[in-house]
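If you want the building blocks of each chain, they are given just below.
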Amino acid sequence: MSESVSEAEIAGSAGRPEPPAESHAPSEPASEPAYDPAAPAPLNLPRTPTGDAGVDARLARLADADHLATDGHVEVYEDVHRGLRDALTALDGRPGPPVPSPSYEQSRS
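Draft legend 1. View of the overall build of the protein. Of the regular secondary structure elements, the protein holds 4 helices and 0 strands. Overall, the protein shows an N-to-C arrangement of helices and strands of α-α-α-α. Expressed as a percentage of the 109 residues in the protein, the buried residues total 8%. Here the analysis covers contacts within the protein between residues at least 6 apart in sequence; of these, 32% occur between residues at least 24 apart. Within the structure as shown, the protein displays about 10,000 Å² of accessible surface, and the carbon and sulfur contribution to it stands at 57%.

What follows is the structure, given as structure tokens:
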């Protein structure tokens, strides 16, 4: 079935502009983005230098977690923990002052 359109209707519509296309844009005014609780947010916690360059570097690495989603924190925390554990283990391996032998203590009594 075909609809027939008269020549008068065609001629009459030729001079009229087409109606504007419907806009699918939101009718609400543009506003700031909504708060996203899942977005990474820096904690801005102060980090006091310890005086040990290795330990300070590991503590500074914690700032990397500020820019990651929560599921990315584990990798940073494990890396920092491993580095701090290694620094403590290295302290045990350093030679300290010689320990007096038991015979030295007995001879002084």
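Draft legend 2. Structural detail: the pattern of salt bridges. Scanning the model with the defined rule gives 4 salt bridges in all. Across the pair R61 and D79 runs a salt bridge, and its minimum N-O distance is 2.6 Å. A residue pair is termed long-range when its members are at least 10 positions apart, and R61 in helix α2 (residues 53-61) and D79 in helix α3 (residues 70-93) qualify at 18 residues. Classification of R61 by relative accessible area gives partly exposed; the value is 22%. Accessibility expressed as a relative area gives 19% for D79, which makes it buried. Measuring nitrogen to oxygen at the nearest pair gives 3.8 Å for the salt bridge that ties D79 to R82. Of the two residues, D79 and R82 are both situated in helix α3; the distance of 3 residues between them amounts to about one turn of the helix. The exposure class assigned to R82 is partly exposed, which follows from its relative accessible area of 41%. Bridged by salt links that share partners, the residues R58, R61, D64, D79 and R82 form one connected network.

Draft legend 3. Up close: α3. For α3, built from 24 residues, the straight-helix expectation of 34 Å at 1.5 Å per residue is met to within 8% by its first-to-last C-alpha distance of 36 Å. Of the residues making up α3, those classed as buried are G72, H73, V76, D79, V80 and G83. Looking at the buried positions of α3, the neighbouring elements they touch are α2.

Draft legend 4. A look at the side chain of D79. Only 3.4 Å separates the side chain of D79 from the side chain of R58, close enough to count as a polar contact. Not counting the four nearest positions on each side in its chain, D79 is found in contact with R58 and R61.

Definitions and limits used
Residues numbered from 1 in each chain as written. Predicted model: local features only at pLDDT ≥ 70, side-chain atom pairs only at ≥ 80, totals over all residues. Heavy atoms only, no water. Helix = DSSP H or I, 4+ residues; strand = E, 2+ residues; numbered from the N terminus. Buried < 20%, exposed > 50% of the residue type's maximum accessible area, 1.4 Å probe, protein only. Contact = heavy atoms within 4.5 Å. Areas by Shrake-Rupley, 256 points an atom, 1.4 Å probe, with all protein chains shown as cover. Salt bridge = Lys/Arg side-chain N within 4 Å of Asp/Glu carboxyl O. Expected span 1.5 Å × (residues − 1). Polar contact = N/O pair within 3.5 Å; in protein donor to acceptor, adjacent residues only side chain to side chain.

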